[in-house]
Each structure stands twice: as structure tokens, then as C-alpha cells.
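# Inside the fold
Here is what each chain is made of, one letter per residue.
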Amino acid sequence: MSTAEVYPPRRDPAEALPDGLEVRLASLAEIVSRLERRVAALEGSSAVGALPPEPDLPGAPVPQAIPQATLPSPVRVMGLLGRTCLILGGATFIRALVDASPIHRGWGVALGLAYAITWVLLAERARRPLDAGFHALASILIAYPLIVESTARFGILAPGLAAILLLAVTLLHGAVAWRKDLQPIIWTATFASLASGLILMATQRAIEPFLAVFLVLGPGTLWATQGRRWPGLRWPTALAADLGVLILTTLAVWHGGIPEAYRGILPGRTMLFALALAGLYLGSFAWRTLRRRTGVGGFEVAQTALALLVGCGGALRVAAAAGTGAELLGAGYSLAGLGCCAAAVPFAVDREGTRAPFRFFTWLALTFLLLGGPFALPLPIFAALMGGLGLVVLPLGLRLRRPVLILQSGLCLLASALASGLAAGSFRALLSRTGPTSPPTMAGLFSLACLSAAVVVFVLRRPPEPIAARVRPLILVLGVAASAGLG
């Protein structure tokens, strides 16, 4: 008999399973088979990774996507908070030992600082960023109040030593926060350092030690964050340095003499601090612009203006009040202006990437010349030079189609009119009933000639309309000034 003639035995219909149950059993058998293959694949795989998803099985539940947790566990956060409280409790125990007099206050301060530094070093060794953040935060909460209280309340630390310790602790916290990428920690340490410096500056009547700390932190933060992360840190450190120099120069030129509590302030050192602020920031901006050929942002513009006003202007105020050094400063500013003119030459061609550096260096050059020229030269000579400079820059701006040069040319001509006495003489002559009481000076006549020639040059070599529309108000001002002088 062949196998084709063998038939399966007939099943009794009464003993057959229901159709639905057979389907469920087949589905479960398929699921078990797939699970066995999946376990075998996981055991035989050497790389750790997720396997491709299996196709949906009939009757199997559809897996839902589980979002990845981004926040730490509340239990873990509470544990770290408890640990931080224990760390602060250790600092409180050291303080209690000092108050009870078993430990000398000087040794207590040293022990407290060592305790704070220990925890910031442990933050460096922590494997998890959250642990490092809480350890560094505890160190900040211990170190800065300890320095302030030891200096302002107990007088244990001299202002100079307090400034050194403040700078060292700030640099240490900043280095750990930078390595561990702890942005809240570096912001907290920066504000704590600046606030501590300002408090000690006010309570100890010592401006210079803590101003030196600000002058290190400000440019240091500028270079550390340049082109990297956390550029916002540049703002508070720069503003603190500006404020410190402003306070120091204001006290140095105080009406009626330097206040009794600040008798240690000397004009020479004050000028050095003011020039250090301007030199560090302006030198950094100029070097970055020349070396990297990058643009000038909002921070550079704002801090350049503040450095020129507070630093360079403050140094001139102190020199003028002291009666010495103003001529030397004026000559230095004038040379710096000429150097900025030379630095602007490579950016003279009008392109997208050269406009901001060209404006930066030309405005810096003009500001330095206007600041230093009246102190380095007699006013008639300065007026003649500014008039000639304005008359030379105007055709150059028209040829290069640079509105900034046309504007600076107009400012040079107006400065010449003011320095030569042409503006004041014209004003008095026009308002007086008897007319001019004295003949115009040679410097005034030369300034008037430069003004008139500038207006004629602009009319003859009129630039295209977009540029002409932008500089038209300035040319009208120059025309009015020339008409007043001629009248």
C-alpha cells in the first residue's frame, strides 16, 4: 500500500477543540518560538545594543515607547541635599571650635579653607556630574563667607591676603566647573567672588587689592570663554572691573582732596589701574580681530566704550587733577590712535567680513586722537591737524564708499572748529550787536577753509544715493558751520 492511500484517523467531532482555542494556542506557540530565538540571539551577541523590533504578533500587545528620563531621581537628589547639609555641618563644627577657643582663629580660618578646598577637590574626582555639582556648591557656601567674615568682622586676614585667597578660590572653582561642564557652579562662583570683593572693598576701605582681582578675572574670563562656551560670563566680570576703576578714579579726583579713609590712594597707581583696564581689554579685542579676522560683537562694542571712558578718560582726569603726566598720556594716546589707523588698513576693502573690524579700528583711532591730541599738542596746532585730517579722510571715504569715513571726517572738522575757537568766535559774533570784537586767529581761518573745502568736495564728488542719504545730515551740519564762520 502506498503512503498516498493512508488517511489520518477521523477525529470525533465531540472530542475536537473549539476553533478559537486552537487559534490562541497557535499564537502562543508562535510567541514562545520567537522568544526562544530572541533569547538565543541575545546570548550569542557580543555587543551590547538593542535588537531590531519584531513585527507585531497576532494577539500580542503593542509595545509603547518609554521616554528616556532626563531628570535625576528625587531620592538621589534628597540624598545629595542631606550630604550637603552634613558638609555644612562640618564647617559649622569648625566654627564652633573657634568660638569656644580651643582653636586659634587664624588656625580656624586655615582649617575652614582647607575643608572647603577638600570638597572642591572631591568634586573634581566625582564620577557623576550631579555629585560634583553638590560638592562644589558646598565648597562655595563655605569658602566665600569664610573669607568675608574673617576679613571684615574679625580682621584676621589683611586685605591683600584676602584678595589673594579670593582669587585662588575663584580660579579653583572655575577650573573644576569648566572640566566638569557645571555651568550653574561657575556662575555661582563668579557672582560670589565679585560680591565678596565689592563687600570687602567697601568695608575695608581697600580698593586696589580687590580691583586687581577683578582685573585678573575680567580678561581671564574673556580669553577662557572666547569662541567656546558660556560667553555670558564676560559681562559681570567686565562690569565689576569697570566699576572698580570708576570708584578708584573718582576717589582720586575727589573734590576737596582724597577722603581720610582712602589716604592710601596715590595718583600714579590709580592711573596704572585705569590704563591696565583699557590696555587689557582693548589689546585683547585688537589681537583677536587681527589674528582671527573675526567680527566685533555687542560685548566688544560696549566694553570698548566703557574701557575708553572709564580707563583712558579716568587716567586723564587723575593726571589733570594731579598736575602731572597729562602730556605724556596725551602723546601715548595719539600714538595709539596712529597705530589703530595702521591696523585698519588691511580691512579697507569693503567686504562683508571686513566692515566690522574696519569700523572698530577707525573709531578707536579717532577716539584716541581726540582724547590725546589736546593734551599732547597746543590747541591751535591740534585744530589745524584735525582740520587737515578731516579734509584728507573725506575724499578717501567718497572713493572707497565708506560712510563711516565720511562721518569721521565730519567729526574731525567739527573738532577742529571747536579747538581753534572758530565755533565760539562765530557764536559770539552772531549774537553780539557790535559784531566781532577780535579778529579770527590763523587756526580759526584754517579750520574755516577746511570746512568750506569739505562741503565743496562733497558737492562735486557726490556719492551714490544710498550713501548720500545716510551722510546728508552731517554735510548739512558742516554747511551750517561753514556759513556761520563766513558770516
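See the structure printed just above.
Notes on the structure in this doc start here. Just so we're clear, the structure is a prediction, and the values are computed from it rather than from any experiment. (Residues numbered from 1 in each chain as written. Predicted model: local features only at pLDDT ≥ 70, side-chain atom pairs only at ≥ 80, totals over all residues. Heavy atoms only, no water.)

### Structural notes on the packing of aromatic side chains
- For the structure shown, the criterion picks out nine aromatic pairs.
- Between the aromatic rings of Tyr 115 and Trp 119, the centroid separation amounts to 6.4 Å while the plane-to-plane angle is 80 degrees, which identifies the pairing as edge-to-face. Pair noted here: Tyr 115 and Trp 119 are both in helix H3 (residues 105-125), with a separation of four residues, about one helical turn.
- Residue classification places Trp 119 among the buried positions, given a relative accessible area of 18%.
- Residues Trp 235 and Phe 299 carry aromatic rings whose centres are separated by 5.0 Å and whose planes lie at 80 degrees to one another, so their mutual orientation is edge-to-face. Pair noted here: Trp 235 is in helix H8 (residues 234-252) and Phe 299 is in helix H10 (residues 298-322), with a separation of 64 residues, a long-range link.
- Owing to a relative accessible area of 3%, Phe 299 belongs among the buried residues under this scheme.
- Chaining the aromatic ring pairs together yields one cluster made of Trp 235, Tyr 281, Phe 285 and Phe 299. (Phe/Tyr/Trp six-rings, centres within 6.5 Å; stacked < 30°, edge-to-face > 60°. Helix = DSSP H or I, 4+ residues; strand = E, 2+ residues; numbered from the N terminus. Buried < 20%, exposed > 50% of the residue type's maximum accessible area, 1.4 Å probe, protein only.)

### Comments concerning the packing of H10 against helix H12 (residues 355-376)
- For the pair H10 and H12, the least separation of the axes is 12 Å and the interaxial angle reads 15 degrees. What the angle tells us is that H10 and H12 run roughly parallel. You can see that H10 and H12 cross each other, and the crossing is right-handed. In this structure, H10 uses Thr 304, Leu 308, Cys 312 and Leu 316 to contact H12, whose residues at the interface are Phe 360, Leu 364, Thr 367, Phe 368, Leu 371 and Phe 375.
- Of the residues that constitute the contact of H10 with H12, the class distribution is eight nonpolar, two polar and no charged. (Axes fitted to C-alpha atoms, helices over the stretch in contact; angles between N-to-C directions. Parallel < 35°, antiparallel > 145°, perpendicular 65-115°, else oblique. Left-handed = near helix turned anticlockwise from the far one by under 90°. Contact = heavy atoms within 4.5 Å. Nonpolar A, V, L, I, M, F, W, Y, C, P; charged D, E, K, R; others polar.)

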